[in-house]
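Topology and contacts: notes
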Amino acid sequence: MFSGSIPALATPFRDGSLDEGAFRRLVDWQIDQGSAALVPCGTTGEASTLSNAEHHRVIEICIEQAAGRVPVIAGCGSNDTRNAEMHMVFAKKAGAAAGLCVAPYYNRPSQAGLIAHFSYLAENCELPIVLYNVPSRTVTDIEDDTVVALVRKYPERIVAIKDASGDLSRVADHRMGIGRDFCQLSGNDELWLPHSAAGGRGAISVTANVAPALCAEFQAAIAANELKKARELNDRLFPLHYAMFSDASPGPVKYALSRVHDWFSPEVRLPILEASEESRRAVDDALAHAGLV
């Protein structure tokens, strides 16, 4: 259903508030640079620090500004099933193509609890679901058998997965359990190339915030089976993948965006801090290596 380079958009703030003008410019720039879809209100978008009203406004602006040029996968995850449902209902009405739903964090549900959570959303919301597995943040892992069971139960509703587990064997496990057509997206930029080789369709990317054209070109090379070109582009992007996590995310990516665009502020919300001096040096070096500054 989805493929290509899909940025998990940073949410710009100015003096503590959402900077709507900067966000609209970011959406336009991403589309102009070749991004295949957009994800507002994910981890990189600091969704956990947004009020519900802000969360919905970010989704609304993204869909409005994209104006049908690319699909929008709205971040709808929550550790509260009813809150996730509220986000899903809003995103559907606003015109999102799907909802990105992370495994409920903090609560540490069992695998049966995960099945109950995602089953409730599938049965009570009309918006297609992209599962988001990132156990390094949520503690809870959406295990392979759970993914297979959910997709088999709701094949028309659960349409893709963003896998940030770091375990590349899962691509084959999902293909064997669900089928080759199931949409698998990498959630780890540094694993984008091998994930695609194993059967992935693209990535929901942090790096694509800063290097959308390079990431789109990289994904196009993979899709065309131009492996030499893909490896060359991967080498250009690789230091940037790691620099984006040289400090608590999204501090580094917001600093990188402020280096690329003077209209994007590096401002973040507590408990995240702006990128440290060491992180800024890593980002500067990686931007120069990629030819972006």
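Anything mentioned here points back to the structure above.
Residues numbered from 1 in each chain as written. Predicted model: local features only at pLDDT ≥ 70, side-chain atom pairs only at ≥ 80, totals over all residues. Heavy atoms only, no water.

1. A few points about unusual backbone geometry
Cis peptide bonds are those with omega within 30 degrees of zero, and the linkage from serine 249 to proline 250 qualifies with 10°. With respect to the helices and strands, proline 250 occurs in the loop between α10 (227–243) and α11 (251–260). A cis amide bond, omega 15°, links leucine 270 with the succeeding residue proline 271. By the secondary structure assignment, proline 271 is in the loop between α11 and α12 (277–290). For cysteine 41, which is not glycine, the phi dihedral falls at a positive 65°. Within the secondary structure layout, cysteine 41 lies in the loop between α1 (20–32) and α2 (52–66). (Helix = DSSP H or I, 4+ residues; strand = E, 2+ residues; numbered from the N terminus.)

2. Digging into helix α9 (residues 212–223)
When the terminal C-alpha atoms of α9 are compared, their 16 Å separation across 12 residues agrees well with the 16 Å that a helix rising 1.5 Å per residue should span. Against β1 (4–7), α1, α8 (192–198), β9 (202–205), α10 and α12 lie the buried residues of α9. At the exit of α9 stands asparagine 225, carrying a positive phi of roughly 60°. (Expected span 1.5 Å × (residues − 1). Contact = heavy atoms within 4.5 Å.)

3. Re the packing of α11 against α12
For any two helices packed against each other, the geometry is given by the interaxial angle and the distance between the axes. Running from amino to carboxyl end, α11 crosses α12 at an angle of 50°, the nearest separation of the two axes being 10 Å. Relative to α12, the element α11 is oriented oblique. The handedness of the crossing between α11 and α12 comes out as right-handed. Of α12, the residues touching α11 (which contributes Pro252, Tyr255, Ala256, Arg259 and Val260) are Ser279, Arg280, Val283, Asp284 and Leu287. Looking at side-chain class alone, the contact of α11 with α12 contains six nonpolar, one polar and three charged residues. (Axes fitted to C-alpha atoms, helices over the stretch in contact; angles between N-to-C directions. Parallel < 35°, antiparallel > 145°, perpendicular 65-115°, else oblique. Left-handed = near helix turned anticlockwise from the far one by under 90°. Nonpolar A, V, L, I, M, F, W, Y, C, P; charged D, E, K, R; others polar.)

4. A short note on the packing of aromatic side chains
All told, the structure shown has three aromatic pairs when counted by the stated rule. An angle of 85° between the planes, with centres 5.1 Å apart, marks the rings of tryptophan 192 and phenylalanine 218 as edge-to-face. On the criterion of sequence distance, the pair formed by tryptophan 192 in helix α8 and phenylalanine 218 in helix α9 is long-range, its members being 26 residues apart. Residue classification places tryptophan 192 among the buried residues on the basis of a relative accessible area of 0%. Lying over the aromatic face of phenylalanine 13, arginine 269 brings its terminal NZ or CZ to 4.3 Å of the ring centre. (Phe/Tyr/Trp six-rings, centres within 6.5 Å; stacked < 30°, edge-to-face > 60°. Buried < 20%, exposed > 50% of the residue type's maximum accessible area, 1.4 Å probe, protein only. Lys NZ or Arg CZ within 6 Å of the ring centre and 35° of its normal.)

5. Topic: the environment of valine 27
By the element assignment, valine 27 lies in helix α1. Taking relative accessible area as the criterion, valine 27 reaches 0% and is therefore assigned buried. Placed 182 residues apart in sequence, valine 27 and asparagine 209 show a C-alpha to C-alpha distance of 9.8 Å. What valine 27 contacts, discounting residues up to four positions off in sequence, is Leu9, Leu38, Cys62, Gln65 and Ala66.

6. Quick look at the pairing of β9
Side chains Gly202 and Ile204 project from β9 onto one buried face, and the interleaved Ala203 and Ser205 project onto a second face that is buried too. With four bridges joining them, β1 and β9 adopt parallel strand pairing. Considered in β9, the bridge of glycine 4 is made with glycine 202. The pairing of strand β8 (residues 183–186) with β9 spans two bridges and is classified as parallel. (Pairing = 2+ DSSP bridges.)

7. Quick look at the packing of helix α6 (residues 144–153) against helix α7 (residues 169–177)
Running from amino to carboxyl end, α6 crosses α7 at an angle of 35°, the nearest separation of the two axes being 10 Å. Here α6 and α7 pass one another in a crossing that is right-handed. Seen from α6, the contacting residues are Asp144, Val147, Val148 and Arg152; seen from α7, they are Arg170, Asp173, His174 and Gly177.

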